[in-house]
Amino acid sequence: MPFANTPAARVHYTVEGSGPALLLLHGTGGDGFSHWGQLLRHLTPAHTVICPDYAGSGQTTDSGEPLQLDDLVAQIAAVADDCGQASFDLVGYSLGAVIAAALAARYPQRVRSLVLVAGFAGGPDSRSELQFGLWRELIARDQALMARFILLTGCNPQWLSAQPSAVLEKRVAAIVKFTNWAGMARQADLDARVDIRAELALIQAPTLVIAGSQDQMVPRALTQVLADEIAGAVFQELNTGHLMPMEQPEELAKVVSGFATAVQNLKPLS
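No experiment lies behind these values; they were computed from the predicted model shown.

Reading the values: rules and limits
- Residues numbered from 1 in each chain as written.
- Predicted model: local features only at pLDDT ≥ 70, side-chain atom pairs only at ≥ 80, totals over all residues.
- Heavy atoms only, no water.
- Helix = DSSP H or I, 4+ residues; strand = E, 2+ residues; numbered from the N terminus.
- Buried < 20%, exposed > 50% of the residue type's maximum accessible area, 1.4 Å probe, protein only.
- Contact = heavy atoms within 4.5 Å.
- Areas by Shrake-Rupley, 256 points an atom, 1.4 Å probe, with all protein chains shown as cover.
- Lys, Arg positive; Asp, Glu negative; His and termini not counted.
- Charge placed at Lys NZ, Arg CZ, Asp CG, Glu CD.
- Axes fitted to C-alpha atoms, helices over the stretch in contact; angles between N-to-C directions.
- Parallel < 35°, antiparallel > 145°, perpendicular 65-115°, else oblique.
- Left-handed = near helix turned anticlockwise from the far one by under 90°.
- Nonpolar A, V, L, I, M, F, W, Y, C, P; charged D, E, K, R; others polar.
- 1 Å grid on protein atoms, 1.4 Å probe; cavity = no way out; pocket = protein on both sides within 12 Å on 5 of 7 lines; lining within 4 Å.
- Points joined across faces, edges and corners; volume = space filled by probe spheres on them.

Structural notes on the overall build of the protein chain
And step 1. A tally of helices and strands in the protein chain yields twelve helices and nine strands.
And step 2. Seen through its principal axes, the protein chain has C-alpha atoms that stretch 45 × 45 × 35 Å.
And step 3. Sorting the 270 residues of the protein chain into buried and exposed places 54% on the buried side.
And step 4. Long-range contacts, defined here as pairs at least 24 residues apart, represent 79% of the contacts in the protein chain between residues at least 6 apart.
And step 5. Entry remark: accessible area of the protein chain is about 11,600 Å², with carbon and sulfur atoms responsible for 54%.
And step 6. Where the 18 positive side-chain charges of the protein chain centre and where its 26 negative ones centre are 5 Å apart.

Laid out in structure tokens, this is it:
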């Protein structure tokens, strides 16, 4: 079971597949498997897929102090180093998109292509502060309620309504059982205070920004900021809520792989 080390953390990651390296960064409350597991079979035939668990998730361990973006960026760079990958295609989802964008800005020579899924740039936003504060309070008071709230606000309402009640209850139970709740609270705290707006202009990698048209957690306008501020970025919407890897894993994998391959082949996107 591979781990990479930084001065502040022991970072767990997985590697599957073959081909050019593709790093997938999960979002708040998830880990490499829970957020990307459904995409792997669609990605591994053409890519060496590396899924790190940054601090607060999975089997990664650290000091337990409040999370800092600099530390999370260093953790992802350490995983790439441990895998012997000097350059790679990079995908970030939600908070993972913030980390991915910051890494691409700080290490432009390492990132071949960048895909930001349901991401945001941060900065003062009263709605986001309200949301992430509520997340931390629900985590502290009632994790089953928080799990229900995640599904209710994270999914496309039409997709959610089409799921049998028994299936949704199983998803709630799985969220309650497998989420690192203390880690999620730490990540939500970072969500509320992170701000990468000044770094977006430094990104040189060809970039695709993907928004969910039904996203209630990170509204489309917040994701649009990334596309507006990153030079040459392509913006695309999928008809999903925030939990895009769960709702449309095959479609998301197709878009991610297609973009990385197009950049590698220097072909225009269709």
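After that view, the rundown keeps rolling.
So, the packing of helix α5 (residues 126–141) against helix α9 (residues 181–193)
And step 1. Axis separation between α5 and α9 bottoms out at 9 Å; the angle between their running directions is 165°. Taken as axis vectors, α5 and α9 run roughly antiparallel relative to one another. Read as a crossing pair, α5 and α9 show a hand that is left-handed. Facing E129, F132, W135, R136 and I139 of α5, the residues of α9 in contact are W181, M184, A185, A188, D189, D191 and A192.
And step 2. Its residues placed into classes, the contact of α5 with α9 shows eight nonpolar, no polar and four charged.

As for the layout of surface pockets
And step 1. Considered as a void within the structure, the largest pocket measures approximately 780 Å³ in volume.
And step 2. Around the largest pocket, the lining comprises 30 residues; the ones closest to its centre are G29, G30, S34, H35 and I175.
And step 3. Only α1 (32–36), α6 (143–154), α8 (165–178) and α11 (244–247) provide two or more residues apiece to the lining of the largest pocket.
And step 4. If one sorts the elements of the lining of the largest pocket by residue count, α8 sits on top with four residues.
And step 5. For the lining of the largest pocket, the per-class residue count stands at 13 nonpolar, 15 polar and two charged.

Describing the packing of helix α3 (residues 69–82) against helix α4 (residues 95–106)
And step 1. Where α3 contacts α4, the axes come no closer than 9 Å and their chain directions differ by 75°. Here α3 is positioned roughly perpendicular relative to α4, judged by the angle of their axes. Together, L69, D70, L72, V73, I76 and A77 of α3 and V98, I99, A102, L103 and R106 of α4 make up the contact between the two elements.
And step 2. Among the residues making up the contact of α3 with α4, the classes are represented as nine nonpolar, no polar and two charged.

Description of empty space enclosed by the protein
And step 1. By the definition in use, this model includes one cavity of 30 Å³ or more.
And step 2. Considered as a void within the structure, the largest cavity measures approximately 40 Å³ in volume.
And step 3. Every residue lining the largest cavity is listed: T28, S94, F120, Q131, F132, W135, D191, M217, V218 and H242.
And step 4. It is α5 that provides the largest number of residues to the lining of the largest cavity, a total of three residues.

Keep in mind these values describe shape, not function.
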